Amino acid sequence: MNTSERIAAARIELLNRYKSLDTKADILKARELKELFSIIPSLEPHERSAFGKEVNALSVELKRLVEADSESSEELAPIDVTAPFDINVRQPEFLPVTQGSIHPLMNEIAVLSDIFSRMGFVIEESREIDDQYHMFETLNFPAGHPARDDYDTFMTQETDKDGHPLIAPAHTSTMQNRVLRKYKANLLAGEPIAAVVPDRTFRNEDLDARHEHTFYQLEGVYVGKGVHAGMLVATLQSVLQEYYQKELEVRVNPFYFPFTEPSFEFALSCPFCSKEGCKVCSYEGWIELLGCGMIHPNVLKAAEIDPAVYTGFAWGVGVDRLVMMKYGIEDVRHFESAKLDFLRQF
Ligand code: DAH
């Protein structure tokens, strides 16, 4: 047998054996393969390179077979989520099947929604993917406006019918236009629009104790005749006092949002130390809590509401922040962490 024939014979032998192996990778340790490699140094120099290449090709062929088989065996064993639940399979101890609990954020959203509905606000839901029109255009961010960059948005590769990527909403304000349109008929019939939207929001943040990529906001919108900023302050103060079950002082400072004019940053006296100064308020006595303002005429116009007749206020507050302050939670990342020792405290 010449050297080439020897390789061909070894190949047939190895391929045959491969079929019957339970552990396919064992073929790479086969005696025949090792022997072929060990012959190389003893060959005449002019034979060495051609032989070496052939042995190597065989070895690569076998490796590819093993790889392809292991990939397809993974594919062949998908998890069947519809399979009947087998009660004989012991459940992991850290997941008691008889005991579940409501996530603290969901619980607090229910508490807040209850406060608002008692004040006459309807509760609306947001969505987890939206378009540029609702994220920016209806909120008076013209195309190319630098304030668009203030929102670190996640965008999709797919585009909408106008060729724009879709956005995981970076604030619940994306719902303002929809809410205004939905209740416009009531407004024209003389009833103010009063709605809150508590839901999930997303930002491409650098994560730390105060920043999370997924968080919750609660948007509020109130529109009617003769609505003014004093009503905004009073509404938020009442809600926060009810939520923290405490008398609180509030403070507004001028700010900028494209969708409100004037815009404010709303602060409240620290519910923990009553302005004495503590860790929660970074020894300031006050906590900058949320953005708010009088709805910009262009936002009303985008919903075909006449700003000469109607005015309104709006705000957006981070729910995680409110809950962190209520319970003294020091790191926002606990909420999305699925840590049971954290969740069980609620
Ligand atoms: N959408 C703003 C944000 O996430 C918060 C906000 C500010 C909402 C003012 C409002 C508002 O409705 O009027 O930064």
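Residues in close proximity to the ligand total 16 residues, the closest being His171, Ser173, Arg203, Gln217 and Glu219. Within the side chain of His171, a nitrogen or oxygen atom sits 2.8 Å from a nitrogen atom of the ligand. Within the side chain of Arg203, an N or O atom sits 2.9 Å from an oxygen atom of the ligand. Counting residues per element, the ones that place at least two in the shell around the ligand are β5 (214–224), β8 (286–295) and β9 (311–318). Tallied by class, residues from the shell around the ligand come to six nonpolar, eight polar and two charged.

As a further point, take the pairing of strand β2 (residues 154–159). In this structure, β2 lies alongside strand β3 (residues 165–168), joined through three bridges in antiparallel fashion. Opposite Thr159, over in β3, you have Pro165 as the bridge partner. Taken together, β2 and the strand that follows it, β3, pair antiparallel across an intervening segment of five residues, in which Gly163 is found at a positive phi of about 85°.

On to the pattern of salt bridges, then. Once the charged atoms of two side chains with opposite charge are near each other, the side chains can pair. Enumeration over the complete set of coordinates arrives at 18 salt bridges. One salt bridge in this structure joins Arg31 and Glu32, with 3.5 Å as the shortest N-O distance. On the basis of relative accessible area, Arg31 is assigned to the exposed category, the value being 54%. The class of Glu32 is buried, set by a relative accessible area of 12%. Across the salt bridge formed by Arg31 and Glu35, the nearest N and O atoms sit 3.3 Å from each other.

This paragraph deals with helix α1 (residues 3–20). The end-to-end C-alpha separation of α1 is 27 Å, in line with the 26 Å expected for 18 residues at 1.5 Å each. Taken together, the buried positions of α1 are occupied by Ile7, Ala10, Leu14 and Tyr18. The buried residues of α1 occupy an angular sector of 75° when the element is viewed end-on, so they sit on one face. Among the exposed residues of α1, those pointing more than 90 degrees away from its buried face are Ile12, Lys19 and Ser20.

Of all the eight residues making up β9, six are buried; the element is thus mostly covered by neighbouring parts of the structure. As paired strands, β5 and β9 are joined by eight bridges and run antiparallel to one another. The partner of Gln217 across the bridge, within β9, is Gly318. Here β8 pairs with β9 via five bridges, running antiparallel. When the sheet's bridge partners are listed, Cys292 is paired in β9 with Trp315.

Now for the packing of aromatic side chains. Scanning the entire structure with this criterion turns up 15 aromatic pairs. Ring plane angle 75° and centroid distance 5.4 Å describe the contact between Phe116 and Phe121, whose orientation is recorded as edge-to-face. Looking at Phe116, the relative accessible area reads 2%, which means it is buried. What makes Phe121 buried here is its relative accessible area of 6%. Ring geometry for Tyr222 against Phe313: centres 5.3 Å apart, planes inclined by 15°, an arrangement best described as stacked. With Tyr222 in strand β5 and Phe313 in strand β9, the pair connects residues that are 91 residues apart, well separated along the chain. Within the aromatic cluster, the residues linked to one another by ring pairs are Phe136, Phe141, Tyr151, Phe255, Phe257 and Phe259. Sitting over the ring of Tyr18, Lys24 keeps its end group 4.8 Å from the ring centre.

So, how was this worked out
Residues numbered from 1 in each chain as written. Predicted model: local features only at pLDDT ≥ 70, side-chain atom pairs only at ≥ 80, totals over all residues. Heavy atoms only, no water. Near = heavy atom within 4 Å. Polar contact = N/O pair within 3.5 Å; in protein donor to acceptor, adjacent residues only side chain to side chain. Helix = DSSP H or I, 4+ residues; strand = E, 2+ residues; numbered from the N terminus. Nonpolar A, V, L, I, M, F, W, Y, C, P; charged D, E, K, R; others polar. Pairing = 2+ DSSP bridges. Salt bridge = Lys/Arg side-chain N within 4 Å of Asp/Glu carboxyl O. Buried < 20%, exposed > 50% of the residue type's maximum accessible area, 1.4 Å probe, protein only. Expected span 1.5 Å × (residues − 1). Arc of directions from axis to C-beta. Phe/Tyr/Trp six-rings, centres within 6.5 Å; stacked < 30°, edge-to-face > 60°. Lys NZ or Arg CZ within 6 Å of the ring centre and 35° of its normal.

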